[in-house]
Each structure stands twice: as structure tokens, then as C-alpha cells.
Amino acid sequence: MKDSIHKYFQIGTVLWMSFPGEDSLTALRRIGGDSFFDGVEVCSFPEGKREEAARVLEESGLRAWFGAQPALLGGGLNPNALQEEDRLAAERALLQAVDEAAALGARGVAFLSGHWQEETREEALAQLVKTTEAVCRYGETKGLSVELEVFDYDMDKRALIGPAPLAARFAREMRARCGNFGLLADLSHFPTTYEDSRFVVHTLRPWLTHFHIGNAVVEPGRPAYGDQHPRFGFPHSANGVPQLTEFLRALREEGFFRPEDPYPLSFEVKPWQGEDAALVLAGAKRALNRAWALLED
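Every chain is numbered independently, its residues counted from 1 as its sequence is written. With the structure being a predicted model, the display of local features is reserved for residues of pLDDT at least 70 and the display and counting of side-chain atom pairs for 80 or more, all residues being used for whole-chain, interface and lining totals. Derived side-chain values reflect all non-hydrogen atoms in the structure, with water molecules and hydrogen atoms excluded from consideration.

**Q** Before we move on, could you go through the overall build of the protein chain and cite the residues and values that matter?
**A** Runs of E in the DSSP output that reach at least two residues are strands. Runs of H or I that reach at least four are helices, and both are numbered from the N terminus. Each helix and strand in the protein chain was counted, giving 10 helices and eight strands. Taken over the C-alpha trace, the protein chain has a radius of gyration of 18 Å; the compact-globule value for 297 residues is 19 Å, and the two agree within 12%. If one aligns the C-alpha atoms of the protein chain with their principal axes, the spans along those axes are about 50 × 40 × 40 Å. Relative to its 297 residues, the protein chain shows a buried fraction of 54%. Contacts are residue-level and defined by heavy atoms, with any inter-residue pair within 4.5 Å sufficient. Partitioning the contacts of the protein chain with sequence separation of at least 6, the portion at a separation of at least 24 is 77%. Values of accessible area rely on a 1.4 Å probe in the Shrake-Rupley scheme; residue burial ignores everything except the protein chains shown. Summed over all atoms, the accessible surface of the protein chain reaches about 12,400 Å², with 49% contributed by carbon and sulfur. Here the radius of gyration uses the C-alpha set of atoms, whereas the globule reference equals 2.2 Å times the residue count to the power 0.38. Note on exposure labels: buried denotes an accessible area under 20% of the residue type's maximum, exposed denotes more than 50%, and partly exposed covers the range between, all computed with a 1.4 Å probe on protein chains only.

**Q** Please provide a residue-by-residue account of unusual backbone geometry, values included.
**A** The omega torsion across Ile161 and Gly162 is -10°, close enough to zero to call that bond cis. Residue placement: Gly162 occurs in the loop between β5 (145-149) and α7 (164-177). Phi is positive for His229, which is not a glycine, with a value near 55°. Structurally, His229 can be placed in the loop between β7 (208-213) and α9 (241-253). According to the relative accessible area criterion, His229 is buried, its value standing at 1%. For Gln273, which is not glycine, the phi dihedral falls at a positive 40°. Here Gln273 is to be found in the loop between β8 (263-267) and α10 (277-294).

**Q** Could you give an account of the environment of Pro163, with specific residues and numbers?
**A** With respect to the helices and strands, the residue Pro163 is situated in the loop between β5 and α7. Residue class for Pro163 comes out partly exposed when judged on its relative accessible area of 22%. When neighbours within four sequence positions are excluded, Pro163 is seen to be in contact with Tyr153 and Glu195.

**Q** Please give an account of the packing of helix α8 (residues 197-204) against α9 that cites residues and values.
**A** Each axis is a line fitted through C-alpha atoms, and for a helix only the stretch in contact is used; angles between axes span 0 to 180 degrees, taken between their N-to-C directions. Two numbers describe how α8 lies on α9: the axes approach to 9 Å, and their chain directions differ by 25°. Classified by the angle their axes make, α8 and α9 are roughly parallel. In terms of crossing hand, the pair formed by α8 and α9 is right-handed. Contacts between α8 and α9 involve Ser197, Arg198 and Val201 from the first element and Gln243, Glu246, Phe247, Arg249, Ala250, Leu251 and Glu253 from the second. Classes in brief: Ala, Val, Leu, Ile, Met, Phe, Trp, Tyr, Cys and Pro nonpolar; Asp, Glu, Lys and Arg charged; the others, Gly included, polar. Considered class by class, the residues forming the contact of α8 with α9 number four nonpolar, two polar and four charged. Should an angle fall under 35 degrees it is taken as roughly parallel, and over 145 as roughly antiparallel, whereas 65 to 115 is taken as roughly perpendicular and any remaining angle as oblique. Crossing handedness is read from the near helix: turned anticlockwise from the far helix by less than a right angle, it gives a left-handed crossing, and turned clockwise, a right-handed one.

**Q** Explain α9 residue by residue, including any values.
**A** Along an α-helix, residues three or four apart share an orientation, since each turn contains 3.6 residues. Taking 1.5 Å per residue, 13 residues should reach 18 Å; α9 reaches 18 Å between its end C-alpha atoms and fits that length. Next to the buried residues of α9 lie β1 (9-13), α8, β7, β8 and α10. At the C-terminal side of α9, Gly255 shows a positive phi close to 85°. Each helix should span, by expectation, one fewer than its residue count multiplied by 1.5 Å.

**Q** Break down the packing of aromatic side chains for me, with residues and values.
**A** How two aromatic rings sit relative to each other is given by the distance of their centres and the angle of their planes. Stacked, tilted and edge-to-face pairs are distinguished by plane angle, under 30 degrees for stacked and over 60 for edge-to-face with tilted covering the rest, among Phe, Tyr and Trp rings (Trp via its six-membered ring) whose centres lie within 6.5 Å. In total, this model carries 15 aromatic pairs according to the counting rule given. Judged by centre distance (5.2 Å) and plane angle (70°), the rings of Phe256 and Tyr263 are edge-to-face. The class for Phe256 is buried, based on a relative accessible area of 0%. For a ring to carry a charge above it, either NZ of a lysine or CZ of an arginine must fall within 6 Å of the ring centroid while also lying within 35 degrees of the normal to the ring plane. Cation over ring: Arg258 sits above Tyr263, and NZ or CZ is 3.9 Å from the ring centre.

**Q** Tell me about the environment of Gly179, and name the residues and values.
**A** In this structure, Gly179 sits in the loop between α7 and β6 (181-186). Looking at Gly179, the relative accessible area reads 67%, which means it is exposed.

**Q** How would you sum up the pattern of salt bridges? Please name residues and give values.
**A** Any carboxyl oxygen of Asp or Glu within 4 Å of a side-chain nitrogen of Lys or Arg constitutes a salt bridge here. Considering all chains together, one arrives at 27 salt bridges under this definition. With a closest N to O distance of 3.0 Å, Glu133 and Arg137 form a salt bridge. Residue Glu133 and its partner Arg137 are located together in helix α6 (residues 121-141), separated by four residues, close to a single helical turn. Via salt bridges that share partners, Arg198, Glu246, Arg249, Arg252, Glu253 and Glu296 belong to a single interconnected network.

**Q** Quick rundown of the packing of helix α3 (residues 47-60) against helix α5 (residues 84-104)? Include the residues and the values.
**A** Here α3 crosses α5 at 50°, and the two axes come no closer than 8 Å. When the interaxial angle is binned, α3 and α5 end up oblique. Between α3 and α5, the residues in contact are Arg50, Ala53, Ala54 and Leu57 and Glu100, Ala103 and Leu104, respectively.

**Q** So what's going on with empty space enclosed by the protein? Which residues, and what values?
**A** For cavity detection a 1 Å grid was placed over the protein atoms alone, and a set of points counts as a cavity when a 1.4 Å probe fits there but cannot get out; an open set counts as a pocket when protein lies on both sides within 12 Å along at least five of seven lines, with lining residues being those that have an atom within 4 Å of a point. Grid points are joined across faces, edges and corners, and a volume is the space filled by probe spheres set on the points. Tallying each qualifying case throughout the model produces one cavity of 30 Å³ or more. In this structure, the largest cavity spans a volume of roughly 50 Å³. Along its surface, the largest cavity is lined by Val150, Ala164, Ala185, Asp186, His189, Phe190, Thr193, Glu195, Val200 and Leu204. At the level of secondary structure, the elements contributing two or more residues to the lining of the largest cavity comprise β6 and α8. Across the lining of the largest cavity, the residue classes break down as six nonpolar, two polar and two charged.

Encoded structure:
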């Protein structure tokens, strides 16, 4: 492509994945000082650092999105829990995430569904609708979007949502209830749901509002197997420059190149066991630049 990718997408990174174990404010300053990035995805900051994080975001001009996935996963919380007390615990955590996102000046909040059992899938879906609607209604009062990230359903996270057809079914119902609801599709997860870019993007097209790009290893027994988001080029992994190019091509074919209001497109890559976080992120930039260069005008 002759045009810059920044014309069509707000390029970001998932901060807690790019710099695991690093002080979140230090990591945020690193991204804020890198003009390659238009935005950043953050999770909860310690209370004493929240005001400073908001200042860094404002001064750097970064757009921010808030990820509630770590709060749910770290707390063992399930938004589609069948026990109402457990579901409400997840809902409370998500409402708190909305407050934190608003305090940081973020544009929206993303989360994931929880574990499920085949025999109770329909009940779990009904529980997820209740949680999601409550979060959307509250997010609307803060001017925030609410996005559900589509995960694997039987490999690692084993989340209810889930393969693309089920995600579409759920999103259709939620969008009818709440106009600020959308789906987040992650290239890293396509191999873990046994799907490809063209199928996922086409199936979810009316409800997609946010994108992640990354990699996965889906051969059992291999290092970084599952939902570990290794770098592009990692041994025995599923996604590289060809798959990234195909993903961008699918986004263009389905009308997601929108220069007047670009969609967020964030790296979700994580250093694996001793790898250098800065080098892994630089490699992700190179992979994206190469895929963009290979995309036909």
C-alpha cells in the first residue's frame, strides 16, 4: 500500500502484554514517547499512579482503551457464571473497570466471557447477556464503548464466546439492546478457534469495532502452546507475515479501511521466557510494515 497504515487504523499495543512484569507507568511512558503508536490498551493502574497515567496519555496524545481481561482472569471471575452471586461479582469488577477507564480518559472497555459447559451453554449465554447489558448501560453514562473479545472455546481460555458464529449470534442480540456494544477480533485467536481471517471478519462484520494482531502456537506440546501470544516468527507458530497480510486484505474487502474514523488495531505480542520486550515489539512493527507493503493498492 502506498498510503500509510495510520491513515486507516489507530495503531496501538496491549501494554500489559508487551511489557509483562514492568512498571505500568514506565511502560506507558515508553509507548507515549514512540510516535509509531496512535493508541495504547491499558488495564488497572495502582491508585497512586492513575492520575499520572492520565497525564501521560493526555500529554502524549495517545488514545486509550481499557482492558478488563486481566481483572477477570486474575480474579477467577466469570461474567456468565450460572450462580448469580458469582456472576454479580464479575459484573461489579466490570463496572469498576468502566470507572477506571473513564478516569483515564479511555474510549472504551473490553472484556471476555468465562468458562462454560456444553450442557449449560444456553443458560450461560443468558447470564452473559445480563452482565454485558449492565456494563453497556453503565458505560453509556460515561460515554464509553463496551467490547467483548472473542477467545478460544476449547483450547486454553475455554471461553463461552467462542467461535465466530456464536459470537455473531450473541452480538446481534446485544447490539439490539445496546448501541455501544461491539466485538473485538484478535488474529492471535483465529488459529485457536480453527477459523481464518476471511471467515471471521466476514461473519462478524456488522459488530466488529476493534482489532488485535498477534500469533499463536496450536501444536500441542510445543513451547508457547495455546493463548500465549508469542512474537511473529516464533517456532511452530501459526501466524506470520502471510497471515497478517491476509488479515489486512480481509479487513479491506469487508470495508474496515475507514480514514475518516480509523478503527483501533493493536499488537498483542508477549516476550517468551527471557526474550527482550522491546525487541519483540520492534519485530511486531516490522512484521506489520512488511504485511502492509505487500498489500496491493
